[in-house]
Amino acid sequence: MEAKKVDVGKKNDSVLEIQHLQKSFGSNQVLKDISISINKSENLVVLGKSGSGKSVLIKCLVGLIDPDEGEIIVLGQNITDLNTEELNTIRKKIGFLFQSGALYDSMTVKENLLFPLRDSKKISKEEKNKLVDEALKNVGLEDTKEKMPSELSGGMRKRLGLARTLILKPEIMLYDEPTTGLDPITSKEISELILDVQKKYNTSSIIITHDMACAKITANRMIVLKDGVIAAEGTYEELEKSKDKWVRSFFE
Amino acid sequence: MEKLLSKLSAKSVKAVSVIAKIPQKIEYHYNIFQEFFIDVSTFSIFIGRFLKEMIKPPYELNELMRQSYLVGYKSLPLVGITGFIMGLVLTVQSRPTLAEFGAESWLPAMISVSIVREIGPVITAVICAGKVGSGIGAELASMKVTEQIDAMEVSGINPFKYIIVTRVLATTIMLPVLTVFNDVISMLGSFVGVNIKGDVSMHLYFSQALSEMDFTDVFPSLVKTIFFGLVIGLIACYKGYYSNKGTEGVGQAANSSVVLASLMIFIIDVIAVQITSLFIN
C-alpha cells in the first residue's frame, strides 16, 4: 500500500531557517551560500552528489560543525549565538539519525534508549521504561530490549537509532542518508517509518539521501545541492521534469 | 678537455638538483615541527578542559564506577600473574649474588624494597599502558568513526564529561590500587622463590621483608602511580578522541597510546626519583 504524504504547514510557519550559510575546509569551500526555510510538519529532501556538502549542512544545524558565515535560526533562536548549555537545550528538540545509526556499542538496546533521558530528572523510572517500550513499539522492535547492538541487522540498527532520537519527542528531525546500505524492502520500510514519524509527532524534517525511492515517498519539497549552492528546488514531480539535465539525471 | 667539461657539467647539474631540494627538505622539517607544536598545544588544551570538566557538576559517578571496574577488576589477573613471576624471578636471580657475600638473609628485605619502590609501580603502569591504554584509545577512536561521540553531543549530553573525565579518573584511581595488589603478589612470588632453596616460614619472610621498609618507601611510590594512571588515561583518551583517519585511525590511536604512555611512565619515573632523592637519602 502506498504511504500517504502529510499536508505541510502554512508558509511563514517556519521552524528552521538557514540564511547565507558558508563553510570551508581549508581552501575547499563546501557550502557557498545556502539559504533554506522549513515549515512546520514539512519533509525537505536534500539531494546532491557525494561531497557536495549535504552532511556538512545538517551537522551545522546541530552545532557539530561551526559555520564560517551565515545564520541558523532553529525554533526562533540563532544557534550560532548560543553558549553550550543553551545549545544543548535546543539540541534536545532536534533528533539526528546518523548514517550508521551511531548506537552505543557497550550498551543494550534499552540502555541506548534510556541514554538521552538520563538528564531528565522530572521523569520517573517507570515513565522512562514506558517511553522505551513506546519508542520500541513505534519502530517495531519490541523484542530486542535486552539485546546488544551488535546482535541487530542493519535495518534494525537504523530503526533503533530512530527510536532513540524519537524518545525525546523532537520537533525537528535530521536524517543523514537513512536508507544507505539497506535492501530495497527495508529501505521502503524506513522511508514509510519517516512518514509515520512526521504524521505522529508532527515533526519537520531534513532528509539527506541518494535514494530516489526514499525521496519520492518522504519529500514534500526537495532541493538539489551543486558546488555549494542550491541548484534546484521544487517538489519531486517538478524536479523530475526539470529542464536542467544534471538535475534530471538523479531521477533516471 | 671535453671529458673534463662534461664531468664538470654533470657535477654542476647534481649540485643544482641538491640545492633545489633544500627548500623541500626545510619545508618537510618545518611541517614536522609545526605538527609537533600543534599536537602539544592541543594536548595542553585537552588537559585544561579535563580539569575544568572534572570540577564542574554534575558528576558521572555511575560511569566512573563502571570504568573503575573495567580498569581495575578486569586487570587484576594480568597484574597478579606478572607480579608473581617478577617476584619469583627477581628472588631466584638475586640469591646467588647475595649468597656470595653471605647475605642471603637480606633477600626478603632487598626484594621487597625493590618491588615497592620501583618494580611494582613501573611494571603495573606499563601493563596498564598496554592493556588499558590501548583499549581506551581504540574504543574512543572507534566511537568517533561510528559517530557515537557525535550522537552523544547532539542528544545534549556532554561527551567529554561522560567519556573522557570518567576514564581518566578511573585510571588515576585504580593504578595505585593495582600497584598495591601487584606489590603483595610479587612478595608472595618472592616468598615462593626463597623457599625453592630454603625453608622460611611466611611469618619470618614477611617480618624480614617489612622490617626494612618504612613510610618513605611506600608513600613516594604510591604518589607516582597516581601520575602514571593520570598520564595513561590522558594520553589514551586524547589519542582516541582526536583520531581522524577512519578505521585506520583506530589502530593508530591504540598503538600511539601505548607507545607514548609507556615513554611518559619512564620519564615521570626519572623525575619522581629525582624529586624523592631531594627529600630522602
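Residues numbered from 1 in each chain as written. Chains lettered and ligands numbered in written order. Predicted model: local features only at pLDDT ≥ 70, side-chain atom pairs only at ≥ 80, totals over all residues.

### Topic: the overall build of chain A
And then number 1: Scanning chain A for helices and strands turns up nine helices and ten strands.
And then number 2: For chain A, the C-alpha radius of gyration of 18 Å lies close to 18 Å, the compact-globule estimate for 252 residues.
And then number 3: C-alpha extents for chain A along the principal axes are approximately 55 × 45 × 35 Å.
And then number 4: Going through the 252 residues of chain A one by one, you find that 42% of them count as buried.
And then number 5: Restricting the contact set of chain A to residue pairs at least 6 apart, pairs at least 24 apart contribute 67%. (Helix = DSSP H or I, 4+ residues; strand = E, 2+ residues; numbered from the N terminus. Rg over C-alpha atoms; globule rule 2.2 N^0.38 Å. Buried ≥ 20, exposed ≤ 12 C-beta atoms within 10 Å, placed from the backbone. Contact = placed C-beta atoms within 7 Å.)

### Comments concerning the overall build of chain B
And then number 1: The secondary structure content of chain B amounts to nine helices and zero strands.
And then number 2: Secondary structure of chain B in N-to-C order comes out as α-α-α-α-α-α-α-α-α.
And then number 3: Against the compact-globule benchmark of 19 Å for 281 residues, chain B has a radius of gyration of 26 Å, which places it well outside the compact range.
And then number 4: Dimensions along the principal axes, computed over C-alpha positions, put chain B at roughly 90 × 70 × 35 Å.
And then number 5: Across the 281 residues that make up chain B, the buried fraction comes to 38%.

### So, the domain arrangement of chain B
All names here are of chain B.
And then number 1: Looking at the assigned domains, one finds that chain B contains domain 1 (1–56) and domain 2 (58–279).
And then number 2: The straight-line distance from the C-alpha centre of domain 1 to that of domain 2 is 37 Å.
And then number 3: Tallying the contact residues gives eight residues for domain 1 and nine residues for domain 2.
And then number 4: Across the side of domain 1 that touches domain 2, the residue classes tally to five nonpolar, one polar and two charged. (Domains from an automatic or database assignment. Nonpolar A, V, L, I, M, F, W, Y, C, P; charged D, E, K, R; others polar.)

### Describing the sheet that holds strand β7 (residues 172–176) of chain A
Residue and element names in this part refer to chain A.
And then number 1: Across the sheet, six strands lie side by side as β6-β7-β8-β3-β9-β10; this open sheet has mixed pairing. Because the sheet does not close on itself, it has two edges, and the strands there are β6 (94–97) and β10 (229–234). Averaged over neighbouring strand pairs, the angle between their axes works out to 20° when direction is ignored.
And then number 2: When strand β3 (residues 43–48) meets strand β8 (residues 204–208), the two strands line up parallel, connected through four bridges. (Pairing = 2+ DSSP bridges. Axes fitted to C-alpha atoms, helices over the stretch in contact; angles between N-to-C directions.)

### Side note on the pairing of β7 of chain A
Residue and element names in this part refer to chain A.
And then number 1: Burial runs high along β7: five of the five residues are buried.
And then number 2: A two-sided burial pattern is seen for β7, the buried positions comprising I172, L174 and D176 on one face and M173 and Y175 on the other.
And then number 3: Across five bridges, β7 lies against β8 in parallel orientation. Across the sheet, I172 pairs through a bridge with S204, a residue of β8.

### What to know about the confidence of the model for chain B
And then number 1: The predicted model of chain B has a mean per-residue pLDDT of 91, with 99% of residues at 70 or higher.
And then number 2: Interface predicted TM-score (ipTM) for the complex: 0.86; the corresponding pTM is 0.85. (pLDDT = per-residue confidence, 0-100.)

### Focus: unusual backbone geometry
And then number 1: Cis peptide bonds are those with omega within 30 degrees of zero, and the linkage from P57 of chain B to P58 of chain B qualifies with 0°.
And then number 2: Assignment of secondary structure puts P58 of chain B in the loop between α1 (2–55) and α2 (61–72).
And then number 3: Non-glycine residue H20 of chain A carries a positive phi angle of around 50°.
And then number 4: The topology assignment puts H20 of chain A in strand β1 (residues 14–25).
And then number 5: Backbone geometry at L75 of chain A places phi at a positive 50°, although glycine is not the residue there.

### With respect to the environment of L210 of chain B
And then number 1: Examined against the element boundaries, L210 of chain B turns out to sit in helix α7 (residues 202–211).
And then number 2: Sequence spacing of L210 of chain B and A109 of chain B is 101 residues, and the spatial spacing of their C-alpha atoms is 6.7 Å.

### Section: the pairing of β3 of chain A
And then number 1: Counting buried residues along β3 of chain A, six of its six residues qualify, which places the element largely inside the surrounding structure.
And then number 2: The two faces of β3 of chain A match: N43, V45 and L47 of chain A on one face and L44, V46 and G48 of chain A on the other face are all buried.

### Observations concerning the sheet that holds strand β2 (residues 28–39) of chain A
All names here are of chain A.
And then number 1: The strand order β2-β1-β4-β5 describes an open sheet built from four strands, whose pairing is antiparallel. What marks the edges here is a single partner per strand, and that holds for β2 and β5 (77–78).
And then number 2: The sheet contacts of helix α1 (residues 54–61) involve β1, β2 and β4 (69–74), and relative to β2 the element is tilted by about 60°.

### Comments concerning α1 of chain A
And then number 1: With respect to burial, α1 of chain A is a largely interior element, eight of its eight residues being buried.
And then number 2: Following α1 of chain A by one or two positions, G63 of chain A adopts a phi angle in the positive range, close to 75°.

### Overview of the nonpolar core
And then number 1: By size, the foremost hydrophobic cluster in this structure holds 123 residues, and its most contacted members are V46, A163 and L174 of chain A together with I232, C237 and A261 of chain B.
And then number 2: In terms of residues, this core owes the most to one element, helix α4 (residues 107–145) of chain B, which gives 16 residues.
And then number 3: If we skip the residues at most four places from it in the chain, A163 of chain A touches L113, A135, L136, N138, V139 and L141 of chain A. (Core = buried A, V, L, I, M, F, W, Y, C linked by C-beta atoms within 7 Å.)

### Let's talk about the packing of helix α3 (residues 76–100) of chain B against helix α6 (residues 159–196) of chain B
Residue and element names in this part refer to chain B.
And then number 1: For the pair α3 and α6, interaxial distance at closest approach is 6 Å and the crossing angle is 40°. With respect to α6, the element α3 is oriented oblique. At the point where α3 passes α6, the crossing takes the right-handed sense.
And then number 2: Tallied by class, the residues present in the contact of α3 with α6 amount to 16 nonpolar, nine polar and no charged. (Parallel < 35°, antiparallel > 145°, perpendicular 65-115°, else oblique. Left-handed = near helix turned anticlockwise from the far one by under 90°.)

### A word on the packing of α4 of chain B against α7 of chain B
Between two packed helices, the angle of one axis relative to the other and the distance separating the axes together describe the packing.
Residue and element names in this part refer to chain B.
And then number 1: Running from amino to carboxyl end, α4 crosses α7 at an angle of 60°, the nearest separation of the two axes being 7 Å. When the interaxial angle is binned, α4 and α7 end up oblique. The handedness of the crossing between α4 and α7 comes out as right-handed. Where α4 approaches α7, its residues P108, A109 and S112 are matched on the opposing element by Y205, Q208, A209 and S211.
And then number 2: The residue makeup of the contact of α4 with α7, split by class, is four nonpolar, three polar and no charged.

### As for the environment of Y236 of chain A
Residues and elements named next belong to chain A.
And then number 1: Positionally, Y236 belongs in helix α8 (residues 236–240).
And then number 2: For the pair formed by Y236 and V45, sequence separation is 191 residues and the distance between their alpha carbons is 9.2 Å.
And then number 3: Setting aside residues no more than four positions away along its own chain, Y236 makes contact with A215, K216, A219 and M222.

### Regarding the environment of T172 of chain B
Residue and element names in this part refer to chain B.
And then number 1: On the secondary structure map, T172 appears in helix α6.
And then number 2: What makes T172 buried here is the crowd of 21 C-beta atoms within 10 Å.
And then number 3: On a C-alpha basis, the gap between T172 and F228 in space is 7.4 Å, while along the polypeptide they are 56 residues apart.
And then number 4: In contact with T172, other than residues within four places in its own chain, are I226, G229, L230 and G233.

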